[in-house]
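# Examining the three-dimensional arrangement
Next come the chains, spelled out residue by residue.
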Amino acid sequence: MMKQWQVAKRILPLLAVFSLLLSACGREDLSVMKPQGPVAQGQYDLMKLSIAIMIVVLIIVFAIAAYVLIRFRRRAGQNEMPEQVEGNFKLEVIWTAIPLLLVIVLAVPTVKTIFAQGEDLSNDKNAIQVKVTSHQYWWEFTYPQYDVTTAQDLIIPTGKKIAFELKTADVLHSFWVPSLAGKMDTNPDGTLNKFSFSAPNEGVYRGKCAELCGRSHAFMEFKVKAVSQESFDKWVNEMKAPAVLPEDTQLAEKFKTNCLSCHAVGDQGGPVAPNLTGIGGKQSVAGILLNQGEGQEDGNPVLDNMKEWLHDPQSVKPGNTMPNPKDLGLTDEEIDGIAEYLANYKLDYE
Amino acid sequence: MDWITTVDHKKIAVLYLIAGGFFFGIGGIEAILIRIQLMKPMNDFVSAQVFNELITMHGTTMIFLGVMPIIFALMNAVVPLQIGARDVAFPFVNALGFWTFLFGGLLLNLSWLMGGAPDAGWTSYTPLSGSEYSGTHGVDFYTIGLQIAGLGTLIGGINFLATIITMRAPGMSYMRMPMFTWTTFITSAIILFAFPAITVGLVLLTFDRILGANFFDVAGGGNPVLWQHIFWIFGHPEVYILILPAFGIISEVIPTFARKRLFGYSSMVFATILIAFLGFMVWAHHMFTTGLGTVANALFSISTMLIAVPTGIKIFNWLFTMWGGQIRFTAANLFAVGFVPTFVMGGVTGVMLASAPADFQFHDTYFVVAHFHYVIVGGLVLGLFSGLHYWWPKMFGRVLSETLGKWTFWTFMIGFQLTFFVQHFLGLMGMQRRIVTYLPNQDFDLLNLVSSVGAFLMGVGVIMFLVNIVITTRKPVDAPNDPWEDGRTLEWSIPSPPPEYNFKQTPLVRGIDAYWKEKMAGHTEMTPAEPVGSIHMPSATPLPFVMSVGIFIAGLGLMFSKDDFGNAFMNGLFNNYIVVIIGLLITFGAMALRSLYDDHGWHIEPEDQDEKGVRT
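Heads up: these notes are all about the structure in this document. (Residues numbered from 1 in each chain as written. Chains lettered and ligands numbered in written order. Predicted model: local features only at pLDDT ≥ 70, side-chain atom pairs only at ≥ 80, totals over all residues. Heavy atoms only, no water.)

## Looking at the interface of chain A and chain B
Each side of the interface is counted separately: chain A has 90 residues, and chain B has 92 residues. Each partner contributes to the roughly 7,800 Å² buried at the junction of chain A and chain B, and carbon and sulfur atoms together form 70% of this total. Counting the surface chain A buries against chain B, the share from its top three residues, Arg74(A), Trp95(A) and Leu212(A), is 10%. At the surface where chain A touches chain B, the tally comes to 2 salt bridges. The salt bridge involving Glu86(A) is made with Arg261(B); its shortest N-O contact spans 3.5 Å. Our count for the chain A to chain B interface comes out at 26 residue pairs in polar contact (both at pLDDT 80 or more). Broken down by secondary-structure element, the contributors of at least two residues to the side of chain A that touches chain B are helix H2 (38–71), helix H3 (89–117), strand S7 (181–186) and strand S9 (203–209) of chain A. (Contact = heavy atoms within 4.5 Å. Buried area = accessible area lost by both parts, 1.4 Å probe. Salt bridge = Lys/Arg side-chain N within 4 Å of Asp/Glu carboxyl O. Polar contact = N/O pair within 3.5 Å; in protein donor to acceptor, adjacent residues only side chain to side chain. Helix = DSSP H or I, 4+ residues; strand = E, 2+ residues; numbered from the N terminus.)

## A short note on the sheet that holds strand S2 (residues 138–143) of chain A
Residues and elements named next belong to chain A. Spatial strand order, S3-S2-S1-S5-S8: 5 strands in an open sheet with mixed pairing. Sheet topology places strand S3 (148–151) and strand S8 (193–197) at the edges, where each strand pairs with a single neighbour. For this sheet, the mean angle separating the axes of adjacent strands, direction not counted, is 25°. In this fold helix H4 (residues 229–240) packs onto strand S1 (128–135), S2 and S3, with an angle of close to 95° to the strand it touches most, S3. (Pairing = 2+ DSSP bridges. Axes fitted to C-alpha atoms, helices over the stretch in contact; angles between N-to-C directions.)

## Here we look at the pairing of strand S5 (residues 162–168) of chain A
Residue and element names in this part refer to chain A. Burial runs high along S5: 5 of the 7 residues are buried. Pairing of S5 with S8, which is carried by 5 bridges, proceeds in the antiparallel orientation. Counted as the bridge partner of Leu166 is Asn193 from S8. (Buried < 20%, exposed > 50% of the residue type's maximum accessible area, 1.4 Å probe, protein only.)

## Focus: helix H9 (residues 294–306) of chain B
Here H9(B) spans 19 Å end to end across 13 residues, near enough to the 18 Å set by a 1.5 Å rise per residue. Within H9(B), burial applies to Asn297(B), Ala298(B), Phe300(B), Ser301(B), Ser303(B), Thr304(B) and Met305(B). Where the residues of H9(B) are buried, they touch H3 of chain A together with helix H10 (308–322), helix H11 (331–354) and helix H12 (356–362) of chain B. (Expected span 1.5 Å × (residues − 1).)

## Here we look at the packing of H2(A) against H11(B)
Between H2(A) and H11(B), the least distance of the axes is 9 Å, while the angle of their chain directions is 165°. Considering the angle they form, H2(A) stands roughly antiparallel to H11(B). Once H2(A) is placed against H11(B), the crossing between them reads as right-handed. Across the interface between the two elements, Met47(A), Ser50(A), Ile51(A), Met54(A), Val57(A), Leu58(A), Val61(A), Phe62(A) and Leu69(A) from H2(A) touch Val337(B), Pro341(B), Val344(B), Met345(B), Val348(B), Val351(B) and Met352(B) from H11(B). Split into classes, the residues belonging to the contact of H2(A) with H11(B) amount to 15 nonpolar, 1 polar and no charged. (Parallel < 35°, antiparallel > 145°, perpendicular 65-115°, else oblique. Left-handed = near helix turned anticlockwise from the far one by under 90°. Nonpolar A, V, L, I, M, F, W, Y, C, P; charged D, E, K, R; others polar.)

## A look at helix H15 (residues 445–473) of chain B
All names here are of chain B. With 29 residues, H15 should reach 42 Å at 1.5 Å per residue; the first-to-last C-alpha distance of 43 Å fits that figure. Along H15, the positions that sit buried rather than exposed are Leu447, Asn448, Ser451, Ser452, Gly454, Ala455, Met458, Gly461, Met464, Phe465, Asn468 and Thr472. As for H15, its buried residues are in contact with helix H2 (9–37), helix H13 (366–396) and helix H14 (402–428).

## Some remarks on unusual backbone geometry
Here Gln136(A) and Tyr137(A) are connected by a cis peptide whose omega angle stands at 0°. Relative to the helices and strands, Tyr137(A) is located in the loop between S1 and S2. For the peptide bond that leads from Thr126(B) to Pro127(B), omega is 0°, which places it in the cis range. Assignment of secondary structure puts Pro127(B) in the loop between helix H4 (91–110) and helix H5 (138–166). The residue Met42(B) is not glycine, and still its phi comes out positive at about 50°. Topologically, Met42(B) is positioned in the loop between H2 and helix H3 (48–82). In this structure Met42(B) comes out as partly exposed when scored by relative accessible area, which is 43%.

Below is the structure:
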């Protein structure tokens, strides 16, 4: 333990310098190097320790290499053979022992973190349970404690531990919110994964799918939105409120027959496709078309995004299973009408 | 015709080099297309489908059809010479290995022309690679093409094992073997144990896809994670199959151009064996995020970190080989010297990845992409360039242009660092790998552009090397036996290129660096271990080629056995496995011919052993 501390002390100043350097990198809501929660912080600390050790190794090797290459070049007229050295037992033991020592310094906190972060919270009454189901190419979030299901935007209360149970409905995906925690694969039934994280601060964090899952792998993004406990409770209530349907009864009928066979709003519809309750207030349409709003300086108005998506879903997310509304017999006006209805369907919880 | 029927290890080496270079070129073009697509955010240079095909084929082609055959080229060209042998143990089988590799590779690349390349990543994780989610024949080309090509690798590996065990010159004990021969030996042993795993995996996946089995299908009682275990229990050792020969090359080139014997020879041998052993123990570190549980993650974390120890031994031994030497910066040595720090970079990020909780963040991001390109390109490809510049005169009797070689080194090296160094940061900033494009304003834009520019520069470096080859090929064959003047091992004691039979008389080995030892004793050539006599040679034969054609036909037939061609004749031919049967008949027929017809080879009598085409 003592030795470990000694080494740590020596690399502490290095650590300081590199955390400065590294933290200059990337967006707060996305970068691994700007952790926003304890799990990501623990992983980042390990990374800083390993980076510091590795920089020390690099400096030593590069220094020896540079010295050797400059000092021992063959000079003109140098014709006598250099001494043929067999090896040096002492030196060889030293460079076996030092890497071993460095490995131990890294291995001890690694194992500690593995077991600390591997805690199973699935029976913890204080944790928010969330079942994540990945689909080609969208994310479904179910809250069994509240009997609520949503898609694409994961709403969580700040400070609470969120206990995830991950599974996939089709191929393997990987659930990743870099600034909150490392990734975890979503496997089919039989090999379900569990893990947890928490977000102390309110905010929206970008999530990604990290496992190649088909054509729209790159577009399978989602957001984690951390809100206060009151807002979260309000959100749950809003989610459970009866569905809001289009005012225009004709359009409502069209919407019911064409969309609600797969999608759900409030208490109506089916579970096959993403739940649309309050979709107009989400961070994005289809996970990839960012809506204008706080912190999304590059977003478009939600109505534009909704229209873009509904007029040609394949061009936004190639290979997704949503039928083109035009093929369902909807006219351009009807599609625009549904787009407008959905864009205005917002939940009031913040 | 001569090239199709040859069984001479030197000619097979050239065939491997040409074929490997060809596929390396294809893989390189795929890489450039990938980098053009990722040059700017929301680019639509290629479609998402084509992009997935490009990344899959780039990885598969580079590993199985690009670098491995070039490694095999060098092994074939050099190992028999280094141990004082007249050929490999089984020349016929050696040719068979080459032809199955070539036809497997051709089959795989035919997919570009025949309705869609494989698109599930080079790892082809199920269920994405299953017929339900990958409906084209792409993954069939992957499973069957790799199966056939893998056959060649396995055959080659066994052949080298037999050669090195049984055909060393008198006096060459194991602990006197040159390092490149040692690493070939250990690499072949890894191939022997690792390739059967991928063979089985590919058979299971083929059964799932073509014959409707359920090995990886949950609904049918299978398990997709099983594929990951099978794949990586092969896939991790594969990394060492690739890198150990590079270690061997560096261990030959650095002592030659530092004019010193390799520092700590026995610890190098020990480290090589240890790396091979540990390489089989760490496959699950590719699967930390698969959910193996805390105990497995902890064990595989530690075992993976341990690989740093033998690797560190090697790095320091190379540095101390140069210590006190007289270093000459030839092109070959530039690549070798450039290899050391670059490979160390790849090594240290490897240790970082071994820490499982941190790997939850690194895994499947550009950090990993940067890491393994530092190992495979910065390690292996630099090693191969070094080896090619070093042994080119021995293989072809002409020394490559040093000036162009140095230009190749600098463009390639600078391009390489530009391409891959920044990718570490892209990964840490949240860019996952295998994405066809990315949204703007995520701080990914500039670094991706830098990376693409670097890739173009690497391309320029490779083109310079090709130009160098073309220019050199037009020069007369005039390389001396020992063009570097400080050659230490047996291959430098015979003419460049060597005569058909390599050694007129088998040499007597009196220590490590046998040829150098003789030179220091004032001799100009090796002391022979036998009198001049008649040399037995194997006959040339087209049978290996024919066998491979048969397997190729059978593979194609199997792949299309369920297809509807809209044509009764074609349907009848394929759907009843008739094409498969024809292909197998050709192969087994050739095998029967080989078994039943005794071919005793021929002899070169002493009066014909004039070492033709050779000057000193």
